[in-house]
Amino acid sequence: MSEKKQSDIQLEKIDDNRWRVPQHGNMRVDGIVYTSETLLPHLQADATVQQVANVAQLPGIVGQSLAMPDAHWGYGFPIGGVAAFDADEGVISPGGVGYDINCGVRLMRSNLRRNDIEDSMKELVTALFKNIPSGVGSERSDLRLTEQNERKVLLEGAQWAVSAGFGTENDIEHIEERGCLTGANPDIISKEAYKRGRPQLGTLGSGNHFVEIGYVEEVYNPAIASILGLEEGGVTVIVHTGSRGLGYQVCDDFLQEMLAASRKYGIELPDKQLCCAPITSPEGQRYYSAMACAANYAFANRQIITHWIRETFERVLNMSPRELQMNLIYDVAHNIAKFETYLIDGKERKVCVHRKGATRAFPAKHPAVPSVYQGIGQPVLIPGDMGRCSYVLIGTDQAMSDTFGSTCHGAGRMLSRTAAIKRAKGRAIWRELADQGIIVKSEGRETLAEEMPEAYKNVADVVEVVHNAGISRKVVKLRPLGVIKG
DNA sequence: ATGTTC
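Nothing here was measured: the structure is a model prediction, and the numbers come from that model.

1. A look at the overall build of chain A
Per the secondary structure count, chain A includes 17 helices and 19 strands. Against the compact-globule benchmark of 23 Å for 486 residues, chain A has a radius of gyration of 21 Å, which places it among compact chains. Structurally, chain A occupies a C-alpha span of about 60 × 50 × 50 Å along its principal axes. Considering only intrachain contacts with a sequence separation of at least 6, the fraction spanning at least 24 residues in chain A is 77%. When the accessible surface of chain A is split by element, carbon and sulfur atoms take 45% of a total near 18,600 Å².

In structure tokens form, the structure reads like this:
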């Protein structure tokens with residue numbers, strides 16, 4: 001399934017938000033696709049449904065092979081896919097996590113109002129762009145990470161960043177897993193991965209990665225918004241980035257090891273890109289420990305970038321941290337595999353949930369939700385494209401029973417990168433966005449074309465599906481004012 | 001996503 005060919009699998013409509021991929025061939029379970037009449041044609045335009053069916057063939061899969069409404073074709077597993085495997089009988093697969101391990105999003109709020117920064121937007125975007133290295137292969141010359149400290153990053157994640165002076169202890173409370181996955185083993189990471197990761201910590205990268213200044217345009221749930229520190233007109237900042245070259249290298253290193261493991265353990269693969277190993281095997285354990293290292297690097301990366309964002313706002317606006325109150329609301333991972341426990345057929349079962357382009361959406365009272373959010377549930381951060389809007393949602397009990405505590409992660413690409421570049425030929429995307437009051441600054445020559453709004457599905461359509469299905473609920477909508485991209 | 005086909 002390395003080709004993007006459309007599949008001819010017949011989907012069965014369950015309700016307005018869900019379609020079933022009935023168990024057939026070697027599938028061990030059904031597939032369930034979250035979508036709508038509006039989004040269904042996009043989902044069927046490539047091999048996404050076939051990939052959902054392929055994932056359902058892997059040993060130890062529990063429940064169903066799931067796809068979120070932003071799903072599209074990816075490496076082996078669909079992007080927007082969720083699959084849980086029994087912790088004893090199941091497999092773990094790098095393709096179910098993705099190349100950008102712990103690619104994720106964080107959201108900050110501030111005491112600023114939209115009109116406080118209108119006149120400073122150009123200066124803010126320029127200063128952010130200067131302060132946060134962006135683009136392919138971007139490096140930070142001021143950090144000078146030693147190899148010993150890089151090991152600590154892999155072990156401690158965002159907690160290392162805070163101990164090194166980037167951000168506060170309070171930030172840690174507002175990060176998924178407190179910014180540190182346990183079980184990381186830095187001895188497993190290849191020399192090559194270390195080499196790539198060292199100069200790139202604290203950098204944005206390219207593609208769909210960005211830092212965005214925006215404001216709260218609409219509030220759907222004032223009570224929850226207020227607990228998050230959000231109100232209409234309030235200025236927010238979103239960071240979207242991951243584990244850079246280090247995570248890519250870890251994935252690359254392990255794809256080969258997992259392919260060998262699949263043969264060794266006699267796992268039948270409908271697609272080589274689904275290569276995997278039993279979770280309990282030495283190879284499976286090694287991948288998890290390496291993945292956790294890359295995840296921790298990504299948590300540290302977003303934490304360090306947060307420090308430079310705060311520093312930039314303080315300097316440009318001449319405000320103190322106390323006046324600014326640029327507090328972290330939450331930080332989510334949307335490319336990761338995690339061990340979690342679910343009630344399945346009346347029995348508690350430990351599973352390894354693969355979320356690839358999918359966000360955890362835990363409900364109120366779940367022990368993994370920070371104490372300040374125990375009464376409301378886990379914040380879910382859904383960035384759209386740079387011209388439209390982004391959403392803050394909240395996790396639900398329904399997600400626990402239906403989707404292994406998961407929901408969508410973004411708008412989802414509609415045009416391929418090359419198709420987008422073709423479509424943008426002769427146009428000045430930056431000017432089109434400026435006409436809508438959005439200032440963008442980008443490093444790569446073709447990044448803005450690849451990332452233009454029409455390359456994406458409308459995130460509002462995606463969010464409507466997960467909201468109506470009840471696997472997360474709308475809290476606020478954010479509108480962009482300024483964006484820096486790779 | 002990615003030293004964007006090491």
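Let us keep going from here.
2. So, helix α11 (residues 282-317)
For α11, built from 36 residues, the straight-helix expectation of 52 Å at 1.5 Å per residue is met to within 8% by its first-to-last C-alpha distance of 53 Å. With 29 of 36 residues buried, α11 is to be regarded as a mostly interior element. Immediately downstream of α11, the backbone of Asn-318 shows phi near 55°, a positive value.

3. Overview of the protein's contact with DNA strand B
In the vicinity of DNA strand B, 17 residues are found, and the nearest of them are Glu-192, Arg-196, Gly-207, Asn-208 and Arg-244. Across the atoms of DNA strand B situated within 4 Å of the protein, the share located in sugar and phosphate is 50%. Ser-206 is positioned with one of its backbone polar atoms (N or O) 2.9 Å from a phosphate oxygen of DNA strand B. Elements represented by at least two residues in the surface near DNA strand B include exactly α8 (191-197) and α10 (244-264). Among the residues forming the surface near DNA strand B, the class breakdown is three nonpolar, eight polar and six charged.

4. Some details on the sheet that holds strand β4 (residues 61-72)
Read across the sheet, seven strands follow the order β1-β2-β3-β4-β5-β13-β12 without closing on themselves; strand pairing throughout is mixed. Each having just a single partner strand, β1 (12-15) and β12 (335-344) make up the two edges of the open sheet. For this sheet, the mean inter-axis angle between neighbouring strands, taken without regard to orientation, is 25°. Here β1 runs beside strand β2 (residues 18-21); their pairing, made up of three bridges, is antiparallel. Counted as the bridge partner of Lys-13 is Trp-19 from β2. In this fold helix α2 (residues 48-55) packs onto β2, β3 (31-34), β4 and β5 (79-86), with an angle of close to 160° to the strand it touches most, β4.

5. Quick look at the environment of Asp-100
Along the chain, the position of Asp-100 falls in the loop between β6 (91-92) and β7 (104-113). Taking the relative accessible area as the measure of exposure, Asp-100 reaches 18% and is therefore buried. Put simply, Asp-100 and Gly-242 are 142 residues apart on the chain and 6.0 Å apart in space, counted from C-alpha to C-alpha. In contact with Asp-100, not counting residues within four places along its chain, are His-209, Gly-242, Ser-243, Arg-244 and Asn-335. In this structure the side chain of Asp-100 is engaged in a polar contact, spanning 2.9 Å, whose partner is the backbone nitrogen of Ser-243.

6. Points about the UniProt feature "binding site: Mn(2+) 2" (unreviewed entry) in chain A
On the UniProt side, "binding site: Mn(2+) 2" (unreviewed entry) is annotated at positions that read His-240 and His-334 here. A maximum C-alpha distance of 10.2 Å is found for the annotated residues, which run over 95 residues; spatially they form one tight group. Position of His-240 relative to the elements: it lies in strand β9 (residues 234-241). Contacts of His-240, omitting those with residues within four sequence positions, involve Cys-103, Gly-104, Val-105, Leu-204, Asn-208, His-209, Phe-210 and His-334. Within the structure, His-240 has its side chain in polar contact with the backbone oxygen of Asn-208 (distance 3.1 Å). Given the relative accessible area of 2%, His-334 is considered buried.

7. Thoughts on the nonpolar core
Soluble globular proteins tend to bury their nonpolar side chains together. With 100 residues, the main nonpolar core has Val-211, Ile-309 and Phe-313 as its most contacted residues. The element contributing the most residues to this core is α11, with 18 residues. Leaving out residues up to four positions away in the same chain, Val-211 has contacts with Leu-128, Ile-132, Leu-204, Val-237, Ile-238, Val-239, Ile-305, Ile-309, Gly-482, Val-483 and Ile-484.

8. Regarding helix α5 (residues 147-156)
Along α5, the residues classified as buried are Glu-150, Val-153 and Leu-154. In a view along the axis of α5, the buried residues occupy a sector of 95°, so they form one face of it. For α5, the secondary structure elements touched by its buried residues are α6 (158-163), α8, α10 and α11. Positive phi shows up at Gly-157, right after α5, with a value of about 60°.

9. With respect to the environment of His-209
If you trace the backbone, His-209 turns up in the loop between α8 and β8 (210-219). The spatial distance from the C-alpha of His-209 to the C-alpha of Lys-191 is 26 Å, given a sequence separation of 18 residues. Ignoring any residue separated from it by four or fewer positions in sequence, one finds His-209 in contact with Asp-100, Cys-103, Leu-204, His-240, Thr-241, Gly-242, Ile-484, Lys-485 and Gly-486. Separated by 3.2 Å, the side chain of His-209 and the backbone oxygen of Leu-204 make a polar contact.

What counts and how
- Residues numbered from 1 in each chain as written.
- Chains lettered and ligands numbered in written order.
- Predicted model: local features only at pLDDT ≥ 70, side-chain atom pairs only at ≥ 80, totals over all residues.
- Heavy atoms only, no water.
- Helix = DSSP H or I, 4+ residues; strand = E, 2+ residues; numbered from the N terminus.
- Rg over C-alpha atoms; globule rule 2.2 N^0.38 Å.
- Contact = heavy atoms within 4.5 Å.
- Areas by Shrake-Rupley, 256 points an atom, 1.4 Å probe, with all protein chains shown as cover.
- Expected span 1.5 Å × (residues − 1).
- Buried < 20%, exposed > 50% of the residue type's maximum accessible area, 1.4 Å probe, protein only.
- Near = heavy atom within 4 Å.
- Polar contact = N/O pair within 3.5 Å; in protein donor to acceptor, adjacent residues only side chain to side chain.
- Nonpolar A, V, L, I, M, F, W, Y, C, P; charged D, E, K, R; others polar.
- Pairing = 2+ DSSP bridges.
- Axes fitted to C-alpha atoms, helices over the stretch in contact; angles between N-to-C directions.
- UniProt positions renumbered as here; feature names shortened; annotations may be inferred.
- Core = buried A, V, L, I, M, F, W, Y, C linked by side-chain atoms within 4.5 Å.
- Arc of directions from axis to C-beta.

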